Amino acid sequence: MQIQYAERIRTLPPYLFAAIDQMKREALLKGADLIDLSIGDPDIPTPSHIVDAMKKAVEKSEHHRYPSYEGMLSYRKAVADWYKERFNVELDPEKEVISLIGSKEGIGHIPLAFIDPGDIVLVPSPGYPVYPVGTKFAGGIPYFMPLKEDNGFLPDIDSIPEDVCKKAKLMFINYPNNPTSACAGTDFYKKIIEFANKYNIIVCHDAAYSEVYYEEKPISFMQIDGAKDVGIEFHSLSKTYNMTGWRIGFAVGNKDILAGLGKVKTNLDSGVFQAIQEASIVALKTEDTVLKQIRNVYRERRDILYEGLKNAGFALKKPAATFYLWVKVPNGKSIDFVAKLLKEAEVLCTPGVGFGEHGEGYIRFALTQSKEKIKEAVERIRRLKL
């Protein structure tokens, strides 16, 4: 029997992090003393009070049955309460909040609800690879919006051709941004809302890193007047509470857009394990002192890596949010430089081109190793001839 992949699979580029994992495996098989700064997977454990809540919740027999697709009302209410406390945004937990099996699931599914074959989706480049992949799975066409340093890594929507705007049905934005670590302000979001209203484009804001900040709290897209009329905001407990493996997130905002996403979910997946939802209610009520301790760990790591790379001759800006450093490649292509660092320094980072064509010329470091490991990585890199 001859096995043939569908066209939507055949035309996909290799998934960035799968390729990184392969490079990592090969290096380890050769005995490398590898320092992995490539993947945004927090090394800090989930806070103990959340783990304790999960232990209790998993013993409850009522959680052992199928969960609801939209999520427990108590979980959705906790999300709404968190938004009110954090952003002063009012949400109806029954209609304006939906649970997700991690925000990646929702981001990947949302084009299926609104994109027909040939429709255009506006996608940032560099950006999270799921934005264009989800678009292609729905038969849509990604139109890549360059994120350039001279524009603060914000998309220049004024440069998008009129014919593209008229065909666009959906737009992804992401701030604080992965991979550039850039933040967006009120004026930018107001412009996005005006643009979305003019062309009838659904806005999907990925806010997974809103709680990983250092000096100034990032704002929510939902805080801006009119945001709820044109879009939704994706969020995750993964980065905020170090719960990447738990696979739980949520989307909030326009009830009709969420209803469309909900229709996809009811047909393609199941709800989140209710014990995880119950523990996540506890997570959402976590005192900021706990989160501040986590941010302080990342801040110390950020400063060590930033100063080290700067002193080694790299060009970069100190991030105000996320746990990533977006660094210019001294010479050559990003994938070649990543290979050089891996081979000569046994330090692994991520090539910018893996986030899209406009990520070429940069590499991304993740602050997901101890400060001791980061200090060692800096020393190894400084010994290289760049």
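In this text, all values refer to a predicted model and were calculated from it rather than measured experimentally.

Rules behind the numbers
Residues numbered from 1 in each chain as written. Predicted model: local features only at pLDDT ≥ 70, side-chain atom pairs only at ≥ 80, totals over all residues. Heavy atoms only, no water. Core = buried A, V, L, I, M, F, W, Y, C linked by side-chain atoms within 4.5 Å. Buried < 20%, exposed > 50% of the residue type's maximum accessible area, 1.4 Å probe, protein only. Contact = heavy atoms within 4.5 Å. Helix = DSSP H or I, 4+ residues; strand = E, 2+ residues; numbered from the N terminus. Polar contact = N/O pair within 3.5 Å; in protein donor to acceptor, adjacent residues only side chain to side chain. Arc of directions from axis to C-beta. Pairing = 2+ DSSP bridges. Axes fitted to C-alpha atoms, helices over the stretch in contact; angles between N-to-C directions. Phe/Tyr/Trp six-rings, centres within 6.5 Å; stacked < 30°, edge-to-face > 60°. Lys NZ or Arg CZ within 6 Å of the ring centre and 35° of its normal. Left-handed = near helix turned anticlockwise from the far one by under 90°. Nonpolar A, V, L, I, M, F, W, Y, C, P; charged D, E, K, R; others polar. Salt bridge = Lys/Arg side-chain N within 4 Å of Asp/Glu carboxyl O.

### Some details on the nonpolar core
Generally speaking, a soluble globular protein has its nonpolar side chains buried in company with each other. Tyr-83, Leu-122 and Phe-365 are the most contacted members of the largest nonpolar core, which has 104 residues in total. In contact with Leu-122, other than residues within four places in its own chain, are Tyr-143, Met-145, Ile-160, Val-164, Ala-168, Leu-170, Met-171, Phe-172, Phe-195 and Ile-201. Membership of the second largest hydrophobic core comes to 21 residues, among which are Ile-98, Leu-170, Ile-202 and Ile-232.

### Here's the deal with the environment of Glu-7
Tracing the sequence through the fold places Glu-7 in helix α1 (residues 7-10). A relative accessible area of 47% places Glu-7 in the partly exposed class. Engagement of the side chain of Glu-7 in a polar contact is seen with the side chain of Arg-10, the distance being 2.5 Å.

### Here we look at the side chain of Ser-334
By the secondary structure assignment, Ser-334 is in helix α13 (residues 334-345). The class for Ser-334 is buried, based on a relative accessible area of 0%. Here Ser-334 is in contact with Val-329, Pro-351, Gly-352, Val-353, Glu-360, Gly-361, Tyr-362 and Ile-363, once residues within four sequence places are set aside.

### Side note on helix α3 (residues 48-58)
Those residues of α3 lying buried are Ile-50, Ala-53, Met-54 and Ala-57. When α3 is viewed along its axis, its buried side chains cluster within an angular range of 100 degrees and face the same direction. Looking at α3, the residues exposed on the side facing more than 90 degrees away from the buried face are Ser-48, Lys-55 and Lys-56. Elements in contact with the buried residues of α3: α11 (274-284).

### Quick word on the sheet that holds strand β7 (residues 231-236)
Taken in spatial order, the 7 strands of this open sheet run β2-β8-β7-β6-β5-β3-β4, and their pairing is mixed. Of all the strands in the sheet, the pair left with one neighbour each is β2 (97-100) and β4 (141-146). Each strand of the sheet is rotated relative to its neighbour by a mean of 25 degrees, with strand direction disregarded. Across the face of the sheet, helix α4 (residues 73-87) comes into contact with β2, β7 and β8 (249-253) while running at roughly 65 degrees to β8.

### Quick word on helix α6 (residues 130-137)
Along α6, the residues classified as buried are Val-130, Tyr-131, Pro-132, Gly-134 and Thr-135. Close packing links the buried residues of α6 with α5 (103-114), β3 (120-125), β4, β5 (168-174) and β6 (202-206). Downstream of α6 by one or two residues, Gly-139 has phi in the positive range, about 85 degrees.

### Observations concerning the sheet that holds strand β9 (residues 324-328)
Spatially, 3 strands are ordered β9-β12-β11 in an open sheet, and the strand pairing comes out antiparallel. Where the open sheet ends on each side, the last strands, each with one partner, are β9 and β11 (350-351). In the packing of α13 onto the sheet, contacts are made with β11 and β12 (362-366), and the angle to β12 comes to roughly 45 degrees.

### Digging into the packing of aromatic side chains
Taken as a whole and judged by the stated rule, the model has 19 aromatic pairs. Look at Phe-188 and Tyr-189: their rings are 5.6 Å apart centre to centre, the planes differ by 55 degrees, and that puts the pair in the tilted class. The same class applies to Phe-188 and to Tyr-189, which are both buried. The lysine or arginine in question, Arg-302, covers the ring of Tyr-214, its NZ or CZ lying 4.5 Å from the ring centre.

### Focus: the pairing of β2
When a strand is regular, its side chains alternate between the sheet's two faces. Neither face of β2 is open: one carries Val-97 and Ser-99, the other Ile-98 and Leu-100, and all of them are buried. Bridging between β2 and β8 involves 4 bridges; their strand directions are antiparallel. Residue pairing in the sheet places Val-97 in a bridge with Val-252 of β8.

### As for the packing of α5 against α6
Between α5 and α6, the shortest axis-to-axis distance is 7 Å and the interhelical angle comes to 35 degrees. In this structure, α5 meets α6 at a crossing whose hand is right-handed. On α6, the residues that touch Lys-104, Ile-107, Gly-108, Pro-111 and Leu-112 of α5 are Val-130, Tyr-131, Gly-134, Thr-135 and Phe-137. Residue composition of the contact of α5 with α6, by class: 6 nonpolar, 3 polar and 1 charged.

### Brief notes about the pattern of salt bridges
Evaluated as defined, the whole model comprises 24 salt bridges. Between Asp-43 and Arg-301 there is a salt bridge, and its shortest N-O distance comes to 2.8 Å. Of the two residues, Asp-43 is situated in the loop between β1 (35-36) and α3 and Arg-301 in helix α12 (residues 288-311); the sequence distance between them amounts to 258 residues. Residue Asp-43 is classed as partly exposed on the basis of its relative accessible area of 36%. Among the ionic pairs, Glu-344 bridges to Lys-340, the shortest N-O distance being 3.1 Å. Here Glu-344 and its partner Lys-340 are both found in helix α13, 4 residues apart, which amounts to about one turn of the helix. Taking relative accessible area as the criterion, Lys-340 reaches 23% and is therefore assigned partly exposed. Several salt bridges converge on common partners, so that one network encompasses Glu-215, Arg-302, Asp-303 and Lys-318.

Nothing here speaks to function; it is geometry throughout.
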